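Understanding the architecture of this molecule
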Amino acid sequence: MGDAARALIGSPRTRPALLFALALALYLAPFAVGTEYRLFIATQMAAYVLVAIGLNLLNGYGGQVSLGHGALVAIGAYTVALAMVDHQWSFWPATLLAMVAAAAVGAVMALPAFRLSTWYFALITLGFAEVVGGLLTEWRELTHGFAGVVGIPKPGVLGHTLTSFDLYWLALSLNILALLGMANLLRSRFGRALVAVRDNPVAATAAGVALVRIKMMAFVVSAAMAGLAGALFAVQKTVVTPDDFTADFSIFFLLMVVLGGAGRLWGPVVGAVVFFLVPELLTALQSWRMLIYGVALLLLMLYAPHGLVGAIETGWKRLRTRLGLSNIPPAPSTAIARETVHPIAGAALSVRDVEKRFGGVSALAGVSLDVAAGTTHAIVGPNGSGKTTLLNMISGFYPIDGGAILIDGRSVVGMAPHRIARSGVGRTFQTPRMLPQLSVLDNALLGAFPAERQGAAAAALSLPRARREQMASLGDALRYLDFVGLADRAMEPAGELPHGQQRLAEIARALVGRPRLLLLDEPAAGLSLAELDRLGELIAAIGALGTTVVIVEHHLELVANICRSVTVLERGAVLASGTPAEVFSHEEVIAAYMGSHSSVGQAAS
Amino acid sequence: MSANDLLQVSGLEVGYGHVGVLRGVDLAVSEGEIVALVGSNGAGKSTLLRAISGLLRPSAGRIVFAGQDIAGQPPHRIIDLGLLHVAEGRRLFRRQNVHANLELGLYGARLDRAVERQRYDFVYELFPMLAERPQALAGVLSGGQQQMLAIAQALMRQPKLLMLDEPSLGLAPIVVDQVMEVLQRLRAAGTTILLVEQMVERALDIADHAYVLQNGAVIGSGTPQAIRAGDLIRRAYLGALSDREA
Amino acid sequence: MDLDLLVGALTAGSLYALVAMGFNILYRPTNVFNFAQGDLVMLGAMFGATFITLLGLPWFVGAALAMLAVAALALVEEKIAVAPVLKNSASSHGWVITTLAVSMIFANLVGLGWGPDPIAVRPPAPLSTDTFELFGANISSYQIAVMVITVVLVLGVEAFYGTRSGKAVLAVAEDRDAALLRGINPNRLSSWSFFLGGGVAALTGVLAAPVLYASTGLGPSLLLKGFAAAAVGGIGNNRGALLAGYIIGLVEAVAAALLSPGYQLAATFAVMLAILLVRPHGLFGRAEARAV
């Protein structure tokens, strides 16, 4: 391949221009090829695309399979139809009502499901679709039964009734807005939180993300889009009947998303286009259609889980590799200088007589320790002595069986872990909990979730204040990645970093949340000697920021070098506490580690 | 390596994804010995045991047990050969009772009823506290009892080689004494043992031979006396605690 | 209370409990909730109808052949749609979509092969669907048989979990790695569980056929009602499923009597959601341990 091709493939600048040209072509297309039938199909397709984009947010990014989106479309369509025909509402408020109705009914249905495993949600939405389908015929007083609602008027604007051309442009504009909004939303804290909830709920919780709330947010957005699509559907067809919303209707949307590429921005668009084109080619095989869809769904999940767009991406990456181009995008150029990180006011930690039992085993039997604000404290002890359990209680991951935990004098007992995280407690895990598919930078940005205040609407619209906040977080993330020494790997997928660097990235993520109390669980485990030195310096630097650090660690040299005080746990109780020098000369401490009294002198001499 | 090696590991490499955890480990366990494997957390001890018992697939190297290369074999094949692994953290079936846990130790063994009876008798005699509460759920036992049950479960297959991962974890010293005593009795009865233990001194007290693992590689081996005499342990395990006090 | 209503509720509830038990059998070793389970039941009914009504085979022979055929299909499902997904990532929920796809394939293949018309199936020889009066209720000998067989089957399957193989299945459900270290091969157990679950599904279908007729429409409705019974009873708990099946049957019967038959599903769904809202793991289930 020549240099020109390489330049074309290598340049990211051509994309906005191409997309603009595509949009323009779609706006102008009706003048060239616009027959009534084609406009009808195109508008219908645009309505479907809208549903699929929303479903992709929930399914592709949130990992929740909804088999009830068809019913949400039905609710939107019937709301508009009934409001306009039976109550003479105009289209626009009726559409708003349709979106609210779809979101509200959906939320009530989804609430119990989101507290349970993913597949409960799939089944409950499937049931929901059946129930709604049944009620459309059964609840005759409201829905007019089998006959449906006929004579839905076309929407009007300032006395002008929209033509089929206008409807097409309206639908197309809504698609473009939805895609732009979705792209913004996915780039914001919500996109990262959603992926975190899908791929690593524990990491999400530790970053302060409320799991049920974020899933509910995705679902409500997705349901409102389905309601909007339903409104378009109703005025475009002018008639809605129960037959429009069969059980298969919901499956179609899932198929579009999976076919095009779940978790890919353009997936649902590509999926919908293919979904509409193929049946035209397969009209002879009408009775085989659902069977073919079933087979397609199975094969796609097995062999192309990210659909057509995912397959294209893979091919594109291979092509770039063959051309010797890097697949790692350049780091964002931010105007913010990488000034030094700001000091943090540390919080005091007080643990009083904490108890924890697992079945017949007592993991913590009345542990107490105090850590002064702004100091670095170590918890050491043999494996199984309850160190990690204690961290899990402080950060709220395990419920407490007895005792009290106070952070700056405020009890955190009974608080949900994401709330504790939001109150300024950051933590890392024994095995780093990264989101392997996201970049190191995105992983670090997840840490900014609790600090950012923007709502989903502000994020989707990319309002100036949301953008300012995002730039500030980006600056923070880059700064802390620089702080831990990973600035040059910011754009690599986190899963491809070696173990030691994943640990550092995890620490950076915790720091981006600017924790007043940072809990580190065995940060030295599995590090090489060189990495160990860097880790020691890093923890000392974090301590110097002012953050209170509690570190669970086996590596006593590290502990002795960086900690002001140490608590030794053994079998769930405090064996000793004090300065490292006091504690490590304690005979029983060494005995606890070595397991034998006789040889302490030998080992320590 | 000698002819009476029951287990020979050579050049073993294991990685999780891009991350190499074991980097060319060589190790041998002779028949009838207790071999201790020590090293700090994250050194790769558990990963080594998991690779030997077939839970992890090594990316390179050989694992020869009783004359057969078992690298990459599924766990149930390896167990059939008589190599049993008691995992870290007392991985019992907590919702089932003591007797059911022991019965699961016999899964796939296809033995006569009389032989099975003997096995139960053997472990109940070795661990009388289990015989007292055969119907108790494993989850409500104390930590020490759970550890005993986990060992007993593996003994139901009458292993040639028993691998134990941190049996002292979270146990009171007196219970650790009991565990160590059981291991010595098992050795006397002819069972070979590979012991991963953080309580180095306890392990060295009963071991015939020891290996020191650091950062996924063996940095030394020898008799307990030799290991104690050198500074390997200080380097690999205690960090600078001993240096500072020296 | 109307006793006839109670009879109908318990009969239907028994069938829902059996569907739920089929789910549970597959779920225990695999943590997979089979979306094609309703279609396996439907296939059981269709095969039963074919062998017994269309080919005129003796009831027991027809039922046994139907069970064997459906068990084999369930095994195929496990091999092509479940095992490959779990192999890639044991925690992925890709199987939700693959088993749904299998459900679509089964339903449409049956639609193409048998057509849309329901087929009537007679009950086995001494039993009949003719009702007689017993303690003031109209009941048929076949309804009594369905209720009794259901209880016996639930107790029988529970007894299986007392055997060594059954304990191994429970062991895999609790801790897959620990089970591997005891020589238990989870892949084999999950294949066997699909085979067994397929057989139970087919028997459910054959038993349901004289009451509900055999048709393709059976799949989706039994999938949902079976799920409701399984979820309300606590996933994995067969005795819970039996009681929950009766509850679902009663809710349906009451909804049909007080509102109209069209509201049956809505009422069932509402009751299920309400129960899950208060007790997310069902009436008799327990929360899974947290993994941190």
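Cut-offs and rules
Every chain's residues receive numbers from 1 upward, in the order its sequence appears when written. All chains are assigned letters beginning with A, and all ligands numbers beginning with 1, in the order in which they are written. Whole-chain, interface and lining totals are the exception, using all residues; otherwise, since this is a predicted model, local features are given only for residues with pLDDT of at least 70 and side-chain atom pairs are given and counted only at 80 or more. The side-chain quantities take in all heavy atoms of the structure and omit both hydrogens and water. In this analysis, two residues are considered to be in contact whenever any of their non-hydrogen atoms come within 4.5 Å of each other. Note: buried area is the sum, over both parts, of the accessible area (probe 1.4 Å) each one loses when the two are combined. What qualifies as a polar contact is a pair of N or O atoms within 3.5 Å, subject to a donor-acceptor requirement within protein and to the restriction that residues adjacent in sequence count only when both atoms come from side chains. Only DSSP runs of H or I covering at least 4 residues are called helices, and only runs of E covering at least 2 are called strands; the numbering of each starts at the N terminus. By definition here, a salt bridge exists when the distance from a side-chain nitrogen of Lys or Arg to a carboxyl oxygen of Asp or Glu is within 4 Å. We call a residue buried when its accessible area falls under 20% of the maximum for its residue type, exposed when it is over 50%, and partly exposed in between, using a 1.4 Å probe and counting protein chains only. As a per-residue measure, pLDDT reflects the predictor's confidence and takes values from 0 up to 100. How far each domain reaches was decided by an automatic or database domain assignment. Residues are grouped as follows: nonpolar covers Ala, Val, Leu, Ile, Met, Phe, Trp, Tyr, Cys and Pro; charged covers Asp, Glu, Lys and Arg; every other residue, Gly included, is treated as polar.

1. Describing the interface of chain A and chain C
Facing the 42 residues of chain A at the interface are 42 residues of chain C. At the boundary of chain A with chain C, total buried surface from both sides reaches about 3,800 Å², with 81% on carbon and sulfur atoms. Considering only the surface of chain A that becomes buried against chain C, W119, L123 and L298 of chain A emerge as the three largest contributors, covering 18% of it. Applying the counting criterion to the chain A and chain C interface returns one residue pair in polar contact (both at pLDDT 80 or more). When residues of the side of chain A that touches chain C are assigned to their parent elements, the largest contribution, 13 residues, is made by helix α6 (residues 118-138) of chain A.

2. Notes on the interface of chain C and chain B
Reports of interface size often rely on the accessible area that becomes lost once the parts have come together. In this complex, chain C contributes 20 residues to the contact, which on the side of chain B involves 27 residues. Taking both sides of the interface into account, the surface hidden between chain C and chain B amounts to around 2,300 Å²; carbon and sulfur atoms contribute 54%. Its largest share of buried area at the contact with chain B, chain C owes to R164, L181 and R182 of chain C, together 38% of the area lost on that side. Linking chain C with chain B are five salt bridges.

3. Description of helix α3 (residues 98-105) of chain B
With seven of eight residues buried, α3 of chain B lies mostly within the body of the structure. By the burial criterion, the buried members of α3 of chain B are V98, A100, N101, L102, E103, L104 and G105 of chain B. Where α3 of chain B is buried, its residues touch α4 (113-126), α5 (128-132) and α6 (143-155) of chain B together with α6 (164-174) of chain C. Sitting at the head of α3 of chain B, N97 of chain B places a side-chain oxygen 3.1 Å from the backbone nitrogen of H99 of chain B.

4. A short note on the confidence of the model for chain B
A residue-level look at chain B finds 92% of positions with pLDDT of 70 or above and a mean pLDDT of 88. Segment residues 239-246 of chain B: pLDDT under 50, and 19 contacts once partners within four positions in sequence are set aside and those in other chains are kept.

5. Some words on the side chain of D175 of chain C
On the secondary structure map, D175 of chain C appears in the loop between α6 and α7 (176-181). Ignoring any residue separated from it by four or fewer positions in sequence, one finds D175 of chain C in contact with R91 and F93 of chain B.

6. Section: the domain arrangement of chain B
Residues and elements named next belong to chain B. Domain annotation for chain B reports domain 1 (1-82 + 163-246) and domain 2 (91-158). In this structure, domain 1 and domain 2 have C-alpha centres spaced 24 Å apart. Contact with domain 1, which involves 12 residues of that partner, is made by 12 residues of domain 2. When domain 1 packs against domain 2, the two sides together hide about 960 Å² of surface, and 73% of this comes from carbon and sulfur. Counting the surface domain 1 buries against domain 2, the share from its top three residues, V182, R185 and L186, is 37%. Linking domain 1 to domain 2 there are one salt bridge. R157 is the salt-bridge partner of D80, the closest N and O atoms lying 2.7 Å from each other. The tally of links between domain 1 and domain 2 comes to one residue pair in polar contact (both at pLDDT 80 or more). Sorting the residues of the side of domain 1 that touches domain 2 by element identifies α2 (75-80) and α7 (173-188) as the ones contributing at least two each. Among the elements that take part in the side of domain 1 that touches domain 2, α7 stands out by supplying six residues, more than any other. Residue composition of the side of domain 1 that touches domain 2, by class: eight nonpolar, one polar and three charged.

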